[in-house]
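# Coordinate analysis (summary)
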Amino acid sequence: MSKKRILFIATEMSPYLELTEFAEVVNRLAIKSNDSGLEVRCIMPRFGVINERRHRLHEVVRLSGINVSVDDDDYPLQIKVASLPNARLQVYFLENEDFFKRKHIFHDDDEHWFEDNGLRSIFFAKGALETVKKFGWAPDVIHCSGWMTGLIPVYIKTAYKREAIFSNSKVVFTVGQNTFQENLGADFVKKAVINANIKEKDLELYKDANNTSLFKGGAHFADAVTIGDEMIEKKLADDIAKLKGKTIVPFKGLDSDLSEYIELFQELAK
């Protein structure tokens, strides 16, 4: 019987990028999933602060050359890969000069919010799913973490619902602490309509275009929700508690052995 496949799509992951404490959890979770007999791959953005030489990133030529269309423009996507230290699993980095090759992540030298952060998150979400298509590797479970992955659950249920590679994929979305107070722009939802299979009305939960709405939308469209931090916004926690028909895994502390995640993945992958 073939191994069940789990794909981690994350904004951050140790040791490459650590914005919150959940970066370390993603690292441990990928390794534990691999050690538990799951076939694991990881995808994250290749921000300019991620040192290519130190982490031994190299281009995957057979995967590069994809053009990702967002807001009526085409953007080239390069794929780089590294082996996670002390583990036999690979992390794929999505690279694009327009969006990710900067000295800073979401704010400039003067702490001003990048005006294209909304477009960057749309590009990352679509680029990650296009990369999986290019893999030709159908994941049984897709675990999304970090606000930049908030659109992926709705994309899988709408924009990509006719793609055979995702036809059996279950989505787990982790809700964490709010890490930005700014807005992604009044036209965020309009730009997030990436093909004819998704409509603006599908993105109603995302219309506030802020950190909370990305978490709320991601949780609504996922098959299961996990709570990744004790500091999540109270109203958001109340909204998630009211969700019907899906497993919700409470936060068990950053020192958890993560068995609750592995049990969830194995249950969803059956």
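Residues numbered from 1 in each chain as written. Predicted model: local features only at pLDDT ≥ 70, side-chain atom pairs only at ≥ 80, totals over all residues. Heavy atoms only, no water.

For the rest of this paragraph, the subject is the pairing of strand β6 (residues 90-95). For β6, the buried fraction is high: five of the six residues fall into the buried class. Here five bridges tie strand β2 (residues 39-45) to β6, and the two strands are oriented parallel to one another. The partner of Met44 across the bridge, within β6, is Phe93. The antiparallel pairing of strand β5 (residues 73-83) with β6 creates a hairpin that spans six residues between the two strands, and Asn86 there sits at a positive phi of about 65°. (Buried < 20%, exposed > 50% of the residue type's maximum accessible area, 1.4 Å probe, protein only. Helix = DSSP H or I, 4+ residues; strand = E, 2+ residues; numbered from the N terminus. Pairing = 2+ DSSP bridges.)

As enumerated under the stated definition, the model contains 17 aromatic pairs in all. Taken together, a centroid distance of 5.4 Å and an interplanar angle of 75° make the contact between Phe47 and Phe100 edge-to-face. Of the two residues, Phe47 is situated in the loop between β2 and β3 (58-59) and Phe100 in the loop between β6 and α2 (117-135); the sequence distance between them amounts to 53 residues. No difference in accessibility class separates Phe47 from Phe100, as the two residues are buried. For Arg102, the ring lying beneath its charged end belongs to Phe114, and the centroid distance is 4.7 Å. (Phe/Tyr/Trp six-rings, centres within 6.5 Å; stacked < 30°, edge-to-face > 60°. Lys NZ or Arg CZ within 6 Å of the ring centre and 35° of its normal.)

Helix α5 (residues 211-221) sits mainly inside the fold: nine of its 11 residues count as buried. Within α5 the residues assigned to the buried category are Asn211, Thr212, Ser213, Leu214, Phe215, Gly217, Gly218, Ala219 and Phe221. On its buried face, α5 sits against α3 (152-157), β8 (170-175), α4 (188-191), β9 (224-227) and α6 (234-241). The backbone nitrogen of Thr212 has a side-chain oxygen 3.3 Å away, supplied by the residue at the start of α5, namely Asn210. (Contact = heavy atoms within 4.5 Å. Polar contact = N/O pair within 3.5 Å; in protein donor to acceptor, adjacent residues only side chain to side chain.)

Every buried residue of helix α7 (residues 259-268) is listed here: Glu260, Tyr261, Ile262, Leu264, Phe265 and Leu268. Looking at the buried positions of α7, the neighbouring elements they touch are β1 (5-10), α1 (22-35), β7 (141-145), β8, β9 and β10 (247-249).

What follows deals with the pattern of salt bridges. Taken as a whole and assessed by the stated rule, the structure comprises 17 salt bridges. In this structure, Lys101 engages Glu97 in a salt bridge whose closest nitrogen and oxygen atoms are separated by 4.0 Å. The two residues Lys101 and Glu97 agree in class, both being exposed. A salt bridge links Asp116 to Arg102; the shortest N-O distance between them is 2.5 Å. One end of the pair, Asp116, is in the loop between β6 and α2; the other, Arg102, is in the loop between β6 and α2, and 14 residues separate them in sequence. Arg102 sits in the buried class, given a relative accessible area of 19%. Bridged by salt links that share partners, the residues Arg46, Glu52, Lys80 and Glu95 form one connected network. (Salt bridge = Lys/Arg side-chain N within 4 Å of Asp/Glu carboxyl O.)

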